Amino acid sequence: MRADGTRVKGLSPIVQALPYIMPHRYDAQNWANDYVDEDIMRNYIRRKRREGLSVTHMSVLVAAYYKAALENPKVNNFIMNRKVYQRNHFCFSFVILKTRADGTPDETTLKIFLDPADTVFSISEKIKEHIDRNLVAVHNNNTDKFANLAFSIPGFARIVFWLAYHLDQHNLLPGKIIELSPFHTSLFITNLASINTNYIFHHCYEFGTTSVFVCMGKPVPDPMAPEGSRKKLMPLGVVMDERIATGIEYSRFFAAFSRYLKTPEVLETRLDGRAVPVPAAAEA
């Protein structure tokens, strides 16, 4: 038992063997690229903003990913010490740019936990709240404070991260450390389109439990569009740990993920598909 997951049992022999054949996350990384219809995404965002609702490319993409993951839960599994675990929550990590007091650019990493009752609107609000709280010049979130402490004493960082890595391998890393670690996450996402950069295939970190990394790139012309069309696609670079799910399970997940990105309106209600209970007074 771990603070962030439960051991998966009853696996087929080949699935159990994979972490031994490929003991490291970088051994088991598969790369794939996909494209999001930028016209659908942009028109949806503009339509919601005219209604006074704030959504972004990232919030729509995360909502679609989470809804597909709720239907295909093995995508939220992770490997630790050659064993498969089912994560007991869903969260995603991402990096934001900020500016130091002297004007130089800097970065900080944020981690947000989601709930099955979330919608694209609540996810957008969570992202905004976390970004607004962390845009100040000083590093003020718990992850930054922990890193500052680790590097405050010469040689201390090496001891801290060595200890954290080995405690994690033996399921002894405290839950509080896992909670603030951006590398212990269901999904790591980066939006390179925000800095007008092409997508990349970003590795999944060996430290922690990141099993899927998604990179959003700047929109590009649709090569299949009619001549003279201005239609664009947003490319995605996806890197995934092949040990957590079979090919058919990944296929079903990405089919659902793609379907929800094409119909973002379905993300406006609870992502687990459950109806919101109506109070008796309201029914009357």
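The preceding data block contains the structure.
Note that this is a predicted model, so its numbers are computed, not measured.

A. Expanded view of the sheet that holds strand β3 (residues 77-80). The strand order β1-β4-β3 describes an open sheet built from 3 strands, whose pairing is antiparallel. Across the chains shown, the open sheet's two edge strands, defined by having one partner strand only, are β1 (5-7) and β3. For this sheet the average axis-to-axis angle between neighbouring strands, irrespective of direction, equals 40°. In this structure, β3 lies alongside strand β4 (residues 83-87), joined through 4 bridges in antiparallel fashion. Paired with Met80 across the bridge in β4 is Lys83.

B. Fine view of the nonpolar core. Residues Phe92, Phe94, Ile189, Val212, Leu236 and Phe257 are the most contacted members of the largest nonpolar core, which totals 50 residues. By residue number, the principal contributor to this core is helix α3 (residues 57-71), which donates 10 residues. What Phe94 contacts, discounting residues up to four positions off in sequence, is Met58, Thr108, Thr109, Leu110, Ile112, Ile127, Ile131, Phe188 and Ile189.

C. Here's a closer look at a nonpolar patch on the surface. A contiguous nonpolar surface patch, about 270 Å² in accessible area, is contributed by Ile153, Phe156 and Ile159. On the secondary structure map, Ile153 appears in the loop between α5 (142-150) and α6 (156-169).

D. Just the packing of aromatic side chains, in detail. One pass over the structure, following the stated rule, counts 16 aromatic pairs. Ring geometry for Tyr65 against Phe257: centres 5.7 Å apart, planes inclined by 80°, an arrangement best described as edge-to-face. Taken together, the positions of Tyr65 in helix α3 and Phe257 in helix α8 (residues 247-262) put the pair 192 residues apart, joining distant regions of the chain. Here Tyr65 falls in the buried class, since its relative accessible area comes to 1%. Judged by its relative accessible area of 2%, Phe257 is buried.

E. Region of the structure containing the pattern of salt bridges. The tally for this structure, following the rule as stated, stands at 15 salt bridges. Between Arg2 and Asp168 there is a salt bridge; the shortest N-O distance is 2.8 Å. Taken together, the residues span a long stretch of sequence, with Arg2 in the segment before β1 and Asp168 in helix α6 at a distance of 166 residues. By the burial criterion, Arg2 is buried, and Asp168 matches it. Across the pair Lys74 and Glu249 runs a salt bridge whose closest N-O atoms are separated by 2.9 Å. Placement of the pair is Lys74 in the loop between α3 and β3 and Glu249 in helix α8, with a sequence separation of 175 residues.

F. Broad picture of unusual backbone geometry. The phi angle at Asn81 is positive, at roughly 55°, despite the residue not being glycine. Within the fold, Asn81 resides in the loop between β3 and β4. On the basis of relative accessible area, Asn81 is assigned to the partly exposed category, the value being 29%. With a phi angle near 65°, Arg82 is a residue other than glycine that sits in the positive phi range. Locating Arg82 in the fold gives a position in the loop between β3 and β4. Here Arg82 falls in the partly exposed class, since its relative accessible area comes to 36%.

G. Molecular detail of helix α2 (residues 38-50). The end-to-end C-alpha separation of α2 is 18 Å, in line with the 18 Å expected for 13 residues at 1.5 Å each. Within the sequence span of α2, burial applies to Glu38, Asp39, Met41, Tyr44, Ile45 and Lys48. Packing partners of the buried residues in α2 comprise β2 (29-37), α3, α4 (120-134), β10 (232-241) and α8. The N-cap residue of α2 is Asp37: its side-chain oxygen and the backbone nitrogen of Asp39 are 3.0 Å apart. In the stretch just after α2, Gly52 is the one whose phi turns positive, near 85°.

H. Structural view of the environment of Leu267. Looking at the secondary structure, you find Leu267 in the loop between α8 and α9 (280-283). Spatially, the C-alpha atoms of Leu267 and Phe121 are 8.5 Å apart, while their sequence positions differ by 146 residues. Contact partners of Leu267, with chain neighbours within four places excluded, come to Val60, Ala63, Ala64, Lys67, Thr119, Val120 and Tyr260.

I. The arrangement of the packing of α3 against α4 in detail. Across the interface, α3 lies against α4 with an axial gap of 9 Å and an inter-helix angle of 125°. Our classification of the angle between α3 and α4 gives oblique. Considering the relative orientation of α3 and α4, their crossing is right-handed. Packed against α3, whose contacting residues are Met58, Ser59, Val60, Val62 and Ala63, the element α4 presents Val120, Ile123, Ser124 and Ile127 at the interface. Counted by class, the contact of α3 with α4 contains 7 nonpolar, 2 polar and no charged residues.

About the criteria used
Residues numbered from 1 in each chain as written. Predicted model: local features only at pLDDT ≥ 70, side-chain atom pairs only at ≥ 80, totals over all residues. Heavy atoms only, no water. Pairing = 2+ DSSP bridges. Helix = DSSP H or I, 4+ residues; strand = E, 2+ residues; numbered from the N terminus. Axes fitted to C-alpha atoms, helices over the stretch in contact; angles between N-to-C directions. Core = buried A, V, L, I, M, F, W, Y, C linked by side-chain atoms within 4.5 Å. Buried < 20%, exposed > 50% of the residue type's maximum accessible area, 1.4 Å probe, protein only. Contact = heavy atoms within 4.5 Å. Patch = residues over 30% accessible without salt bridge, like charges linked within 9 Å, V, L, I, M, F, W, Y side chains within 5 Å. Areas by Shrake-Rupley, 256 points an atom, 1.4 Å probe, with all protein chains shown as cover. Salt bridge = Lys/Arg side-chain N within 4 Å of Asp/Glu carboxyl O. Phe/Tyr/Trp six-rings, centres within 6.5 Å; stacked < 30°, edge-to-face > 60°. Expected span 1.5 Å × (residues − 1). Polar contact = N/O pair within 3.5 Å; in protein donor to acceptor, adjacent residues only side chain to side chain. Parallel < 35°, antiparallel > 145°, perpendicular 65-115°, else oblique. Left-handed = near helix turned anticlockwise from the far one by under 90°. Nonpolar A, V, L, I, M, F, W, Y, C, P; charged D, E, K, R; others polar.

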